[in-house]
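A closer look at the structure
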Amino acid sequence: MQPNSPAKPLLWSTLAAQFSEQIALAAGPIAVVVMLGGGATDTGFVQMVQTLPFLLLSLPVGVLVDRLSRRRLMIWAEVLRGATLGLIMLALVTNLLTVPLLAALGFVGTVGTLIFSVAALALLPMIVRPTELPIVNRWLELARSAAFVAGPPLGGVLVGWTGASLAFLVAMSASIGSLLLVSRLPEPVAIARPRRHFLQEVVEGCRFVAGDSLLLPIAATASLFNVGWFILQAVFVVFLINHLGADAAMVGLVFGVYGIGMIAGAFLAKPLAQCLPLGVLIAVGPLGGFIGSLLVLTSVAVPSLPLVGLAFFCFGFGPILWTINTTSLRQVITPQPMLGRVSALLTLATSGARPIGAGIGLLIASLSGPEACLMASAFCFLLQLLIILVSPAARLRDLPAPV
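As a convention, each chain's residues are numbered from 1 in the sequence order in which they are written. Two thresholds apply to this predicted model, a pLDDT of at least 70 for residue-level local features and 80 or more for giving and counting side-chain atom pairs, whereas whole-chain, interface and lining totals are computed over all residues. Side-chain calculation: all heavy atoms of the structure are included, whereas hydrogens and water are not.

Moving on, we come to the overall build of the chain. Strands are runs of DSSP state E lasting at least 2 residues, helices are runs of H or I lasting at least 4, and numbering of each runs from the N terminus. Broken down by element type, the chain carries 14 helices and zero strands. What you see in the chain, going N to C, is helices and strands ordered as α-α-α-α-α-α-α-α-α-α-α-α-α-α. Only C-alpha atoms enter the radius of gyration, while the globule expectation follows 2.2 Å times N to the 0.38, with N the number of residues. For 403 residues, the compact-globule estimate of 2.2 N^0.38 gives 22 Å, and the chain sits close to it at 20 Å. Taken along the three principal axes of its C-alpha coordinates, the chain extends 55 × 45 × 40 Å. Classification of the 403 residues of the chain by burial places 58% in the buried group. Sequence-distant contacts in the chain: of pairs separated by 6 or more residues, those separated by 24 or more amount to 88%. Accessible surface is estimated by sampling points in the Shrake-Rupley manner with a 1.4 Å probe; for residues, cover comes only from the protein chains shown. A total of about 15700 Å² of accessible surface is found on the chain, and carbon and sulfur atoms cover 71% of it. Working convention for charge: Lys and Arg count positive, Asp and Glu count negative, and His plus the chain ends are omitted. Note that the charge is assigned to NZ on lysines, CZ on arginines, CG on aspartates and CD on glutamates. Charged side chains in the chain number 20 positive and 13 negative. The centres of these two groups are separated by 9 Å. Three exposure classes are used, based on accessible area relative to the maximum for each residue type with a 1.4 Å probe and protein chains only: buried under 20%, partly exposed in between, and exposed over 50%. We call two residues in contact when some of their heavy atoms are within 4.5 Å.

This part takes up the packing of aromatic side chains. Aromatic rings considered in pairs are described by the distance between their centres and by the relative angle of their planes. Planes of paired rings set the category: under 30 degrees apart is stacked, over 60 is edge-to-face and the rest tilted, where pairs are Phe, Tyr or Trp rings (Trp by its six-membered ring) whose centres lie within 6.5 Å. According to the stated counting rule, one finds eight aromatic pairs in the structure shown. On the basis of an interplanar angle of 85° and a centroid distance of 5.5 Å, the ring pair of F312 and F315 is categorised as edge-to-face. You can see F312 and its partner F315 sitting in helix α11 (residues 305-333), three residues apart, about one turn around the helix. The class for F312 is buried, based on a relative accessible area of 0%. With a relative accessible area of 0%, F315 lands in the buried category. The structure contains a cluster of three or more aromatic residues connected by ring pairs, namely F225, W229, Y258, F312, F315 and F381. We call a charge positioned over a ring when the NZ of a Lys or the CZ of an Arg lies within 6 Å of the ring centre and within 35 degrees of the ring normal. The ring of W139 carries R138 above its face, with NZ or CZ at 5.6 Å from the centroid.

What follows concerns the packing of helix α8 (residues 215-243) against α11. With axes taken as lines fitted to C-alpha atoms, and helix axes fitted only over the stretch in contact, angles between N-to-C directions fall between 0 and 180 degrees. At their nearest, the axes of α8 and α11 sit 12 Å apart, and the two run at 155° to each other. Taken together, the axis directions place α8 and α11 in an arrangement best described as roughly antiparallel. Considering only the axes of α8 and α11, their crossing is left-handed. Along its contact with α8, which presents L215, I218, T221, A222, F225, W229, L232, Q233, F236 and L240, the element α11 presents L305, V308, F312, F315, P319, W322, T326, L329, R330 and I333. By definition in this entry, angles of less than 35 degrees are roughly parallel, angles greater than 145 are roughly antiparallel, angles of 65 to 115 are roughly perpendicular, and the rest are oblique. Put simply, a crossing is left-handed when the front helix is turned counterclockwise from the back one by less than a right angle, and right-handed when it is turned clockwise.

Turning next to unusual backbone geometry. One can expect most non-glycine residues to show negative phi and most peptide bonds to be in trans. Although it is not a glycine, N95 adopts a positive phi angle of roughly 60°. The residue N95 is located in the loop between α3 (70-93) and α4 (99-127) in this model. For N95, a relative accessible area of 72% translates into the label exposed.

All right, on to the environment of R70 then. When you line up the elements, R70 lands in helix α3. Residues adjacent in sequence count toward polar contacts only when both atoms are side-chain atoms; beyond that, a polar contact is any pair of N or O atoms within 3.5 Å, and within protein one must be able to donate a hydrogen and the other to accept it. Within the structure, the side chain of R70 is placed 2.9 Å from the backbone oxygen of A122, a separation counted as a polar contact.

This part is about the nonpolar core. The biggest cluster of nonpolar side chains holds 61 residues, and the ones touching the most others in it are F168, W229, F236, L240, V296, F312 and F315. Setting aside its immediate chain neighbours within four residues, F168 contacts A24, A27, G28, L85, I88, M89, L92 and L102. One finds A119, A222, I282 and W322 within the second-largest nonpolar core, a separate group that totals 51 residues. By nonpolar core is meant a set of buried Ala, Val, Leu, Ile, Met, Phe, Trp, Tyr and Cys residues that side-chain atoms within 4.5 Å join together.

Turning our attention to helix α1 (residues 8-34). Expected span of a helix, by definition, is 1.5 Å for each gap between consecutive residues, and there is one gap fewer than residues. The end-to-end C-alpha separation of α1 is 39 Å, in line with the 39 Å expected for 27 residues at 1.5 Å each. A large share of α1 lies buried, amounting to 21 of its 27 residues.

Turning our eyes to something else, we now look at the confidence of the model for the chain. Per-residue confidence for the chain gives a mean pLDDT of 83, with 94% of residues at or over 70. Element-level mean pLDDT values for the chain span from 75 in helix α5 (residues 133-162) up to 91 in helix α14 (residues 370-389). pLDDT gives the predictor's per-residue confidence on a scale running from 0 to 100.

Written as structure tokens, this is what we have:
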């Protein structure tokens with residue numbers, strides 16, 4: 001990336017926003033178990049509620065992003081998220097925090113996360129050239145990976161040593177930093193287009209994705225990946241603490257290994273792209289998820305934190321290559337006036353699957369225990385691998401010409 005690239009403020013704001021999110025995501029379930037005495041159903045409930053905005057609001061947010069200033073939407077998104085983190089911290093300090101309150105505030109904060117992520121992906125092609133998209137997306141994913149490395153261990157350590165209030169204070173500070181950086185982004189010239197009925201615009205975006213032979217299997221694969229991932233996440237903290245004897249700091253370190261895998265994948269994305277076809281790089285993501293799920297399932301019979309750490313490295317390494325390459329592909333083949341809706345639809349397919357996965361995990365955990373959740377998770381990872389392997393995306397050589 002060039003020193004004066006207009007995407008640099010976006011890069012650093014993404015780093016701060018992801019750092020904030022990862023600390024909060026790590027601190028929340030640990031606080032439920034360690035401070036509020038909750039179990040698998042409580043952590044599953046919090047995960048489900050906190051991720052519901054992706055399922056319920058992705059499509060409306062996509063229309064807003066295509067209608068309004070993407071930069072201003074990102075600013076207000078960080079204001080919303082920072083405020084909810086501050087309220088969680090206040091509730092902790094005053095001993096008023098409960099599992100339902102944490103879930104409700106997490107829901108509101110996730111609305112900010114959703115708006116920020118959709119607007120950022122739609123803004124990027126407006127401020128950089130198409131040929132620069134893979135490079136900038138690689139740096140954005142490196143920033144996200146760095147947050148995954150530093151955020152969860154720090155969140156776990158802060159909860160274990162000082163309580164969750166300081167963890168949420170740090171998360172709120174990072175969100176404020178992201179807000180200041182977003183304010184430095186350029187305001188691109190909007191493309192004039194006729195304003196139509198809200199539902200017409202939603203339908204137009206859905207038809208575009210459903211009719212595209214590349215975007216549809218990518219969306220289906222991403223959806224199944226996230227269902228499997230959040231079935232796992234719904235019970236994983238409880239599984240680590242109760243089955244493998246991990247403490248709060250060790251839980252954070254395991255999630256940190258996930259970030260290390262992401263950084264390794266992002267660093268290797270460029271050299272791998274020079275020697276492997278695009279379709280192979282796209283298929284590596286689902287393969288990494290499936291291998292990781294098998295390793296986690298193996299830890300039921302062979303309890304081992306290093307084995308789980310290797311699984312989380314696989315969860316990070318393969319999917320980061322998937323994200324870099326499929327994001328660049330989507331930004332190239334999607335018309336600019338439709339980028340918000342298409343990004344929102346892919347967000348719905350990925351993040352919208354999170355509450356579904358968390359809800360399934362909650363149900364399975366309440367009926368059969370955490371081990372059954374790990375089996376269900378592995379099955380989802382197998383399905384998503386099979387879908388992408390038979391799709392045209394797996395046979396791509398390079399990025400197609402921009403629309």
